[in-house]
Amino acid sequence: MATARRPRLIVAADADELARIAAERVMARLDACPGEIAICLAGGSSPKRLYQLLATPSWRGRIPWARVHWFIGDERFVPAGDALNNMALARAVLLDGNAPPANIHPIPTSAGNPDQSARSYERELQEFYGATRLDPSRPLFDLMLLGAGPDGHTASLFPGDPALDETARWVVAVPTANVAPFVPRVTLTLPALASCREMLFEIAGLDKRAILTRLLNGENLPATRARSIGETVWLVDRAALPEDFGD
Ligand code: 6PG
């Protein structure tokens with residue numbers, strides 16, 4: 001297993017510049033891969049500006065839609081059309097009308113239970129990957145987008161939850177969420193999140209200052225444990241940085 005490199009910190013002036021830098025990194029990953037591309041999107045609200053920017057004509061026209069496949073790192077176990085559904089936001093803002101429907105891979109939440117959903121998505125990921133074991137020399141994703149919650153969770157891997165220590169499964173159910181929305185979750189596990197050429201965290205805004213301070217201090221939290229086998233980037237804005245940072 002490739003040794004996890006320390007995250008690279010990139011500081012944007014504000015949320016708009018952060019979205020632009022993130023969009024440039026997405027495009028760099030797309031430009032670097034001539035074949036089929038797999039992007040794993042983040043849930044929550046942080047990636048919305050990025051999705052909106054990528055949906056504008058100048059950016060949308062640069063995306064090779066036919067060969068990009070869009071996945072999601074975690075999902076709330078609510079119907080696909082529910083406002084709490086992570087993939088619903090990406091579809092509404094960016095994917096619908098641009099990505100071929102067959103290239104959009106949501107975590108299924110319309111049938112069964114979270115564990116059945118997790119096993120179904122794991123099968124879908126393995127079918128796309130062409131193997132049931134992750135090869136450190138062949139990442140599953142070209143780009144993994146992530147956020148960090150106020151308790152240091154990422155995807156739906158919450159501090160102290162057994163899902164955090166799962167090493168065999170790629171996708172698991174999380175019956176209890178630490179933070180709102182308090183609905184069952186389905187999440188990729190750390191090995192699956194790590195299987196990417198680049199892991200890009202978006203952490204912006206004053207309300208993220210407390211958790212970013214903890215991450216920068218190296219606290220043992222899911223968002224610090226999540227590392228790419230390739231490059232891990234913490235893309236933050238000045239509002240989220242500790243006031244004395246860099247002094
Ligand atoms: C989710 C997300 C979660 C999110 C963080 C940050 O399903 O809630 O995947 O991990 O990325 O909680 O959320 P915000 O971007 O809304 O601050």
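A. Main features of the overall build of the chain. For the chain, the helix and strand inventory stands at eight helices and nine strands. Relative to the globule expectation of 18 Å for 247 residues, the C-alpha radius of gyration of the chain, 17 Å, shows essentially globular dimensions. Taking the principal axes of its C-alpha atoms as reference, the chain extends roughly 50 × 45 × 35 Å. Relative to its 247 residues, the chain shows a buried fraction of 53%. A separation of at least 24 residues holds for 76% of the contacts in the chain among residues at least 6 apart in sequence. Averaging the coordinates of the 26 positive side-chain charges in the chain and doing the same for the 29 negative ones gives two points 3 Å apart.

B. Here's a closer look at the nonpolar core. Membership of the largest hydrophobic core comes to 79 residues, with the highest contact counts inside it found for Leu41, Trp70, Leu95, Phe141 and Leu188. Tallying contributions element by element places helix α1 (residues 15-32) first for this core, with seven residues. When sequence neighbours within four positions are dropped, the list of residues in contact with Trp70 reads Ile39, Leu41, Ile63, Trp65, Met87, Leu94, Leu95, Ala99, Asn103, Ile104 and His105.

C. Local environment of the site of the ligand. Around the ligand, the structure places 15 residues, and the nearest of them are Ser45, Ser46, Asp74, Ala155 and Lys208. Between the ligand and Asn86 there is a distance of 2.9 Å, counted from an oxygen atom to a side-chain nitrogen or oxygen. Between the ligand and His153, the relevant distance is 2.8 Å, taken from an oxygen atom to a side-chain nitrogen or oxygen of the residue. Bound to the protein, the ligand loses 88% of the 410 Å² it would expose on its own.

D. Representation of the side chain of Thr154. Residue placement: Thr154 occurs in the loop between β5 (141-146) and β6 (171-174). We classify Thr154 as buried; its relative accessible area is 0%. At 2.6 Å, the side chain of Thr154 and the backbone oxygen of Gly147 are in polar contact. Residue contacts for Thr154: discarding those within four places in its chain leaves Leu146, Gly147, Phe201, Pro222, Ala223 and Ala226.

E. Examining the pattern of salt bridges more closely. Tallied over the entire structure, the rule returns 17 salt bridges. The salt bridge involving Arg91 is made with Asp96; its shortest N-O contact spans 2.9 Å. You can call Arg91 partly exposed: its relative accessible area is 28%.

F. Fine view of a nonpolar patch on the surface. A grouping of Leu9, Val11 and Phe245 is seen on the molecular surface, where their side chains present a nonpolar patch of about 200 Å² in accessible area. Its relative accessible area of 30% is what places Leu9 among the partly exposed residues.

G. Molecular detail of α1. With 18 residues, α1 extends 26 Å from end C-alpha to end C-alpha; this agrees with the ideal 26 Å at 1.5 Å per step. Of all the residues in α1, the buried ones are Leu18, Ala19, Ile21, Ala22, Ala23, Arg25, Val26, Met27, Arg29 and Leu30. A distance of 3.1 Å separates the backbone nitrogen of Asp16 from a side-chain oxygen at the start of α1, and that oxygen is part of Asp14.

H. Local environment of the sheet that holds strand β7 (residues 185-188). One open sheet holds the three strands; their spatial order is β4-β7-β6, and the pairing between them is antiparallel. In this open sheet, the two strands that pair with only one neighbour each are β4 (74-76) and β6. Between one strand axis and the next, the sheet turns through 15° on average, direction left out of account. When β4 meets β7, the two strands line up antiparallel, connected through three bridges. Paired with Asp74 across the strands is Thr187, a residue of β7. Sheet contacts for helix α5 (residues 114-129): β6 and β7; angle to β6, the most-contacted strand, approximately 165°.

What counts and what doesn't
Residues numbered from 1 in each chain as written. Predicted model: local features only at pLDDT ≥ 70, side-chain atom pairs only at ≥ 80, totals over all residues. Heavy atoms only, no water. Helix = DSSP H or I, 4+ residues; strand = E, 2+ residues; numbered from the N terminus. Rg over C-alpha atoms; globule rule 2.2 N^0.38 Å. Buried < 20%, exposed > 50% of the residue type's maximum accessible area, 1.4 Å probe, protein only. Contact = heavy atoms within 4.5 Å. Lys, Arg positive; Asp, Glu negative; His and termini not counted. Charge placed at Lys NZ, Arg CZ, Asp CG, Glu CD. Core = buried A, V, L, I, M, F, W, Y, C linked by side-chain atoms within 4.5 Å. Near = heavy atom within 4 Å. Polar contact = N/O pair within 3.5 Å; in protein donor to acceptor, adjacent residues only side chain to side chain. Areas by Shrake-Rupley, 256 points an atom, 1.4 Å probe, with all protein chains shown as cover. Salt bridge = Lys/Arg side-chain N within 4 Å of Asp/Glu carboxyl O. Patch = residues over 30% accessible without salt bridge, like charges linked within 9 Å, V, L, I, M, F, W, Y side chains within 5 Å. Expected span 1.5 Å × (residues − 1). Pairing = 2+ DSSP bridges. Axes fitted to C-alpha atoms, helices over the stretch in contact; angles between N-to-C directions.

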